Amino acid sequence: TVGAGDETLRTQRALTSLAMRGKPNDDPEQAETDLDLGTGEGGAGVLLGVLQLRTGDPKAALKTVRVLRDQRPNSASVQNLVGAIELVAGEVEASRASFARALAADSTFRPALRNLARADARAGSFTEAVQRLEQLVAQDATDLRAMSELAAIAERQGQNAEAVNWLQRVRQLDPSAI
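Let me sum up the structure you'll find in this document.

With that out of the way, let us pick up the nonpolar core. In terms of nonpolar packing, the biggest core is built from 24 residues, with Leu133, Val137 and Trp166 touching the most fellow members. Listing elements by their share of this core, those giving two or more residues are α5 (76–88), α6 (92–105), α7 (110–122), α8 (126–139), α9 (144–156) and α10 (160–173). When residues of this core are assigned to their parent elements, the largest contribution, six residues, is made by α7. Not counting the four nearest positions on each side in its chain, Val137 is found in contact with Asp143, Ala146, Met147, Leu150, Trp166 and Arg169. Ranked by size, the runner-up nonpolar core spans 10 residues in total, among them Ala61, Leu62, Val78 and Leu81.

Its 14 residues place the ends of α10 20 Å apart at the C-alpha level, agreeing with the 20 Å of an ideal helix rising 1.5 Å per residue. Residues of α10 that are buried: Ala163, Trp166 and Val170. Taken end-on, α10 shows its buried residues confined to a sector of 65°, consistent with a single buried face. Turned more than 90 degrees away from the buried face of α10, the exposed residues are Ala161, Arg171 and Gln172.

Here we come to helix α4 (residues 58–71). Here α4 is 14 residues long and its end C-alpha atoms lie 20 Å apart, about the 20 Å a rise of 1.5 Å per residue gives. Considered for burial, the residues of α4 that qualify are Ala60, Ala61, Leu62, Thr64, Val65, Leu68 and Arg69. Buried residues belonging to α4 abut α3 (43–54), α5 and α6.

Thresholds, definitions, all that
Residues numbered from 1 in each chain as written. Predicted model: local features only at pLDDT ≥ 70, side-chain atom pairs only at ≥ 80, totals over all residues. Heavy atoms only, no water. Core = buried A, V, L, I, M, F, W, Y, C linked by side-chain atoms within 4.5 Å. Buried < 20%, exposed > 50% of the residue type's maximum accessible area, 1.4 Å probe, protein only. Helix = DSSP H or I, 4+ residues; strand = E, 2+ residues; numbered from the N terminus. Contact = heavy atoms within 4.5 Å. Expected span 1.5 Å × (residues − 1). Arc of directions from axis to C-beta.

Here it is as C-alpha cells:
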C-alpha cells in the first residue's frame, strides 16, 4: 500500500500501467487512486500528457506538461517529463534545457542524466553524452541501459571495438539483454 504522501510512487505506478496497457489501470479503485495524486507531482496532468503523446499528439502533450512545469518548477520529475516529450517532439535544445533544470532541482536524479545524454547524442554532442553515460556507469556498474547507449554511440562514431566492449559488459551482466 502506498502512503498518502507518496505521490511520486503513485505517479510512477500509474505511468507504468499506462505504458504497459496504453491506458490507466483497469481496476477502477486502483485507477482512482492512481489518478488522485493531489498536488504532489501533477498526477492527472502527467498521465494526460503521456496519454496525449502515446495517441500521437505531441503538441498537446507539450502544452499539458509545460503547464505542469510552470506549476512545479522545482520538480525534477516534471522537468524530466517535459524534456522527454520535447525530445520526442524534436525540440532537442529545449529538451536539453529541461533535463538540465531537472538536474539542477535534483543532481542525483538518474533518469534526467540519462535523458540529457540521449539529447546530447541526438544533438551530435557525443563527448558530453559519453561523459554523462560513463558517470551513470561509474555510479552503478550494473546500469545496462547506459552501457547499451554507450555501445550505440561508439558504433555511430565508427568505434566498433569500443561498441563491442560495452556490449560484452552488458552480456556478462545479463545474457538475455542482447
